[in-house]
Amino acid sequence: RLFDLDPDLLPLFQYNCKQFASPEECLSAPEFLDHIRKVMLVIDAAVNHLEDLPCLGEYLCSLGKKHQAAGVKVESFSTVGESLLYMLENCLGTAFCPDAREAWTKLYDAVVKAMRRGWDALPEGV
């Protein structure tokens, strides 16, 4: 869904200097699948630390810096969030009620806010 929403994100996913010719090629690459696992680990950590998200603050800020260095724009995280909600809705069906959507949206927004501190800590273009 990510590349359907924003095909311009595809070039950000390069591994060993390999540029993917299509979303399908990227989606089947072991390196991309490993990246997705890492994203899910961050989401898992946020869920497990729901009552104390600030304890993940420095880690998420550092993660934000790494994403900025890789050329990711903060605005791209809204597309990632939309993709996450789409996946949850499709996997959970009717269990993904409006309250669940709101809770996931708040959690994701808190993670992005912490990661955004990584951008705020660096001058633009560094």
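Residues numbered from 1 in each chain as written. Predicted model: local features only at pLDDT ≥ 70, side-chain atom pairs only at ≥ 80, totals over all residues. Heavy atoms only, no water.

A. The environment of E25, seen in detail. With respect to the secondary-structure elements, E25 resides in helix 2 (residues 23-27). Among the residues examined, E25 registers a relative accessible area of 27% and is labelled partly exposed. Each C-alpha atom, one on E25 and one on V80, is 19 Å from the other, the two residues being 55 residues apart in sequence. Discounting residues that sit within four places of it in the chain, E25 has contacts with K18 and F20. A polar side-chain atom of E25 sits 2.6 Å from a polar atom in the side chain of K18. Within the structure, E25 has its side chain in polar contact with the backbone nitrogen of A21 (distance 2.8 Å). (Helix = DSSP H or I, 4+ residues; strand = E, 2+ residues; numbered from the N terminus. Buried < 20%, exposed > 50% of the residue type's maximum accessible area, 1.4 Å probe, protein only. Contact = heavy atoms within 4.5 Å. Polar contact = N/O pair within 3.5 Å; in protein donor to acceptor, adjacent residues only side chain to side chain.)

B. Representation of the nonpolar core in the model. Judged by nonpolar contacts, the single largest core of 22 residues is most densely connected at L60, F77, V111 and M115. For this core, the secondary-structure elements that each account for two or more residues are helix 3 (30-48), helix 4 (57-69), helix 5 (76-92) and helix 6 (98-120). Per element, the largest residue contribution to this core is eight residues, and it comes from helix 6. Apart from the residues within four sequence positions on either side, L60 is in contact with V42, V111, A114 and M115. (Core = buried A, V, L, I, M, F, W, Y, C linked by side-chain atoms within 4.5 Å.)

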